[in-house]
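Chain and residue survey
These are the residues of each chain, in order.
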Amino acid sequence: LRYDDVIKSARESLARLKTDYLDLYLIHQPSTEILIKETMRALDALYENGLIRHIGVSNFIAERIEEAQSYTKNKIVANQVHYNLIYREPERKGLIQYCQDHDIMFIAWRPVQKGILTKRGTPILDEMSDKYGKTPVQVAINWLISQPGIVTLAKAATLEHLRENLGAIGWNMAQDDIERLRREFPNQQDISD
């Protein structure tokens, strides 16, 4: 996350991708060794030189986003964080609300928690799957994207996975069901791996 390293990494990514710019460039996670001011200065340089169109962060709490934003002229537009029906810390600690209030896209990574949310056997998830005629994967992903300002990245190792993931879009879960899943999903945890 040092200035020169950020610039070099971005240029190398552009070369590998054979493109002139990136739509979104993220800091993967905050550093305890490198001042965020230095990293943000590099992201500003990439932005001002047209190499990136938007700046994002990943695994940042609200206070770190505010600190990072104080060092850049350009808006931080995205925060990518571990969040799903099981891992709920961003919700409980107000990070989702913070991102919604500040027009920062919240990108939920690991939406089906390493496959845990792909299987039947959790009564409330099974109930919602039956109600909507969808798989547990589709319900878990739809629960995320039904919330304002939240998108997700879902792994698709096969064409079958991709088709199943795409079945999470194009329909709306009732707000009451979204809230029921929020309240009643079992074994919710705050600590992300």
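Residues numbered from 1 in each chain as written. Predicted model: local features only at pLDDT ≥ 70, side-chain atom pairs only at ≥ 80, totals over all residues. Heavy atoms only, no water.

1. Considerations on the layout of surface pockets
Here the largest pocket defines a volume of roughly 500 Å³. Lining the largest pocket are 20 residues, with Asn 59, Phe 60, Ile 61, Val 81 and Glu 89 positioned closest to its centre. Of all elements in the fold, only helix H3 (62-70), strand S3 (76-82) and helix H4 (89-92) reach the threshold of two or more residues within the lining of the largest pocket. In terms of residue count, H3 provides more of the lining of the largest pocket than any other element does, three residues in total. Partitioning the lining of the largest pocket into residue classes produces nine nonpolar, five polar and six charged. (1 Å grid on protein atoms, 1.4 Å probe; cavity = no way out; pocket = protein on both sides within 12 Å on 5 of 7 lines; lining within 4 Å. Points joined across faces, edges and corners; volume = space filled by probe spheres on them. Helix = DSSP H or I, 4+ residues; strand = E, 2+ residues; numbered from the N terminus. Nonpolar A, V, L, I, M, F, W, Y, C, P; charged D, E, K, R; others polar.)

2. Some points on the packing of aromatic side chains
For the structure shown, the criterion picks out three aromatic pairs. Here the aromatic rings of Tyr 83 and Phe 106 are separated by 5.6 Å at their centres, their planes lie at 85°, and the arrangement is edge-to-face. In this pair, Tyr 83 is assigned in the loop between S3 and H4 and Phe 106 in strand S4 (residues 105-109), connecting sequence segments 23 residues apart. Residue class for Tyr 83 comes out buried when judged on its relative accessible area of 0%. (Phe/Tyr/Trp six-rings, centres within 6.5 Å; stacked < 30°, edge-to-face > 60°. Buried < 20%, exposed > 50% of the residue type's maximum accessible area, 1.4 Å probe, protein only.)

3. Examining the pairing of strand S5 (residues 150-153)
The side-chain alternation of S5 yields one buried face, formed by Ile 150 and Thr 152, and one unburied face, formed by Val 151 and Leu 153. Bridging between S4 and S5 involves four bridges; their strand directions are parallel. Its bridge partner being in S5, Ile 107 is matched across the sheet by Val 151. (Pairing = 2+ DSSP bridges.)

4. Some thoughts on helix H1 (residues 3-17)
For H1, built from 15 residues, the straight-helix expectation of 21 Å at 1.5 Å per residue is met to within 8% by its first-to-last C-alpha distance of 21 Å. When H1 is considered as a whole, its buried residues turn out to be Val 6, Ile 7, Ala 10, Ser 13 and Leu 14. Looking straight down H1, one finds that the buried residues subtend no more than 130° of arc, so they occupy a single side. Those residues of H1 that are exposed and aimed more than 90 degrees away from the buried face are Asp 4, Lys 8, Ala 15 and Arg 16. (Expected span 1.5 Å × (residues − 1). Arc of directions from axis to C-beta.)

5. Section: the sheet that holds S5
The five strands are arranged S1-S2-S3-S4-S5 in an open sheet whose pairing can be described as parallel. Each having just a single partner strand, strand S1 (25-27) and S5 make up the two edges of the open sheet. Averaged over all pairs of adjacent strands, the angle between strand axes in this sheet comes to 30°, irrespective of strand direction. With five bridges joining them, S3 and S4 adopt parallel strand pairing. (Axes fitted to C-alpha atoms, helices over the stretch in contact; angles between N-to-C directions.)

6. Considerations on the environment of Leu 46
Relative to the elements of secondary structure, Leu 46 occurs in helix H2 (residues 36-48). Leu 46 sits in the buried class, given a relative accessible area of 1%. Distance in space between the C-alpha atoms of Leu 46 and Leu 35 is 18 Å, their sequence separation being 11 residues. Here Leu 46 is in contact with Val 6, Ile 7, Ala 10, Tyr 25, Leu 51 and Ile 52, once residues within four sequence places are set aside. (Contact = heavy atoms within 4.5 Å.)

7. A few points about the environment of Ser 146
With respect to the helices and strands, Ser 146 occurs in the loop between helix H7 (136-145) and S5. We classify Ser 146 as partly exposed; its relative accessible area is 26%. A distance of 2.7 Å separates the side chain of Ser 146 from the backbone oxygen of Asn 142, its partner in a polar contact. (Polar contact = N/O pair within 3.5 Å; in protein donor to acceptor, adjacent residues only side chain to side chain.)

8. Some points on helix H9 (residues 175-184)
What H9 keeps buried is the set Asp 177, Ile 178, Leu 181 and Arg 182. An end-on view of H9 places all buried positions within 145° of arc, on one side of the element. More than 90 degrees from the buried face of H9, the exposed residues found are Asp 176 and Arg 183. Of the surrounding elements, those touching the buried residues of H9 are H4, helix H6 (123-132) and H7.

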